[in-house]
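The lines below spell out each chain.
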Amino acid sequence: SRSAAPLCAPHQPPRDAMDVINSVREPMVDFAKESARLVKKCSKPDRKEYIKVASRTAMGFVIMGFVGFFVKLIFIPINNIIVGST
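Residues numbered from 1 in each chain as written. Predicted model: local features only at pLDDT ≥ 70, side-chain atom pairs only at ≥ 80, totals over all residues. Heavy atoms only, no water.

Student: Teacher, can you tell me more about the overall build of the protein chain here?
Tutor: Looking only at helices and strands, the protein chain has 2 helices and 0 strands in total. Looking at the 86 residues of the protein chain, the share that counts as buried comes to 0%. (Helix = DSSP H or I, 4+ residues; strand = E, 2+ residues; numbered from the N terminus. Buried < 20%, exposed > 50% of the residue type's maximum accessible area, 1.4 Å probe, protein only.)

Shown next as structure tokens:
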């Protein structure tokens, strides 16, 4: 007489699947730990440092705006000459 084999064996993930899961999880955990350490070490800038950074950023915006304006100012007549000649 033949004994009946169970239709469903208890599911155990293969060892390779666990390796894949760990290879994805470990870098994420390491990144989270390093990020937390970085945030703890960071300090808020004082008023003087904040004003210096903000003013230099504003100057950069103004300079880039003028560069864009002058490039557009130069290329409008050139474009009109090219398009107007056809």
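Student: Even after reading the chapter, I still don't get the packing of aromatic side chains, so can you show me in this structure?
Tutor: Geometry of an aromatic ring pair is reported as the spacing of the ring centres plus the angle between the planes. Counted by the stated rule, this structure contains 2 aromatic pairs. Note on Phe66 and Phe70: the rings are 6.2 Å apart at their centroids and 20° apart in plane angle, and the pair reads as stacked. Here Phe70 and Phe66 lie together in helix α2 (residues 47–84), a separation of 4 residues that amounts to about one turn. The class for Phe70 is partly exposed, based on a relative accessible area of 44%. (Phe/Tyr/Trp six-rings, centres within 6.5 Å; stacked < 30°, edge-to-face > 60°.)

Student: When you look at a nonpolar patch on the surface in this model, what are you seeing that I'm missing?
Tutor: A cluster of nonpolar side chains, namely Met59, Ile63, Val67, Val71, Ile74, Phe75, Ile78, Ile82 and Val83, defines an oily patch on the protein surface of about 860 Å² accessible area. Position of Val71 among the secondary structure elements: in helix α2. (Patch = residues over 30% accessible without salt bridge, like charges linked within 9 Å, V, L, I, M, F, W, Y side chains within 5 Å. Areas by Shrake-Rupley, 256 points an atom, 1.4 Å probe, with all protein chains shown as cover. Salt bridge = Lys/Arg side-chain N within 4 Å of Asp/Glu carboxyl O.)

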